[in-house]
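Residue strings, one per chain:
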Amino acid sequence: MKSDVDEDRREAVQALESSFSELMTVFRRFVAEAAERVSPGMLPATFKALSVVSRFGPLTLSGLAERLAADKGFLSRGISELEDLGLVTRTPDPNDRRSRLIAVTELGHSRLAEARAPHESRLYDAIADWSIDDIRHLSTLLHALAVGEVPVRD
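Keep in mind it's a predicted model, so treat the numbers as computed, not measured.

Colleague: Outline the side chain of Arg90, supporting the account with residue identities and numerical values.
Modeller: Looking at the secondary structure, you find Arg90 in strand 2 (residues 88-93). On the accessibility criterion, Arg90 (19% relative accessible area) is buried. A polar contact of 2.9 Å, which involves the side chain of Arg90, links it to the side chain of Ser80. One polar contact links Arg90 to Glu83, side chain to side chain, over a distance of 2.9 Å. What Arg90 contacts, discounting residues up to four positions off in sequence, is Ser76, Ile79, Ser80, Glu83, Arg100, Leu101 and Ile102.

Colleague: So what about helix 1 (residues 4-38)? Which residues, and what values?
Modeller: Across its 35 residues, helix 1 extends 50 Å between first and last C-alpha, which sits within 8% of the 51 Å expected from 1.5 Å per residue. Taken as a whole, helix 1 has its buried residues at Phe30, Val31, Ala34, Ala35 and Val38.

Colleague: Tell me about the pairing of strand 2, and name the residues and values.
Modeller: Across six bridges, the pairing between strand 2 and strand 3 (residues 96-104) is antiparallel. Across the sheet, the residue bridging to Asp93 is Asp96, located in strand 3. In this structure, the hairpin formed by strand 2 and strand 3 is closed by a connection of two residues.

Colleague: Account for unusual backbone geometry, with residues named and values stated.
Modeller: Going from Gly57 to Pro58, the amide bond is cis rather than trans, its omega being -5°. Within the fold, Pro58 resides in the loop between helix 2 (44-56) and strand 1 (59-60). The phi angle at Ala69 is positive, at roughly 50°, despite the residue not being glycine. Tracing the sequence through the fold places Ala69 in the loop between helix 3 (61-68) and helix 4 (72-84). Given a relative accessible area of 74%, Ala69 falls into the exposed group.

Calculation rules
- Residues numbered from 1 in each chain as written.
- Predicted model: local features only at pLDDT ≥ 70, side-chain atom pairs only at ≥ 80, totals over all residues.
- Heavy atoms only, no water.
- Helix = DSSP H or I, 4+ residues; strand = E, 2+ residues; numbered from the N terminus.
- Buried < 20%, exposed > 50% of the residue type's maximum accessible area, 1.4 Å probe, protein only.
- Polar contact = N/O pair within 3.5 Å; in protein donor to acceptor, adjacent residues only side chain to side chain.
- Contact = heavy atoms within 4.5 Å.
- Expected span 1.5 Å × (residues − 1).
- Pairing = 2+ DSSP bridges.

So this is what it looks like as structure tokens:
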């Protein structure tokens, strides 16, 4: 027989899943809008690739595929599109001549910043009345959830 604590935990986890579903829907819409601002018709997955290279690059195609848990063939087409738009460059990897490093250009960084600006201000506005401690605590909790750890308590 389940205890009340088990039932409370199950209900809390279901509520969390529902909240994540809502958040992911909003996030997907934001990514699609940002991709369109970078270049009309750009797929959200291509925008995500540009964002990841900007944040963690330069990266090889294999490294990018690993970070995104995505197919290298699909990513290769997206990177070619980004390269044609002048948003990334591909140069030989000095550590492995068979690979090429993907890096974001100045234009790419500029377009990303412009595309993200409306959403960054929305997040800032949405939590404007939150305490800094609550914002930091949420960040700690989300990080712990993302990496599968128990959150550190202050």
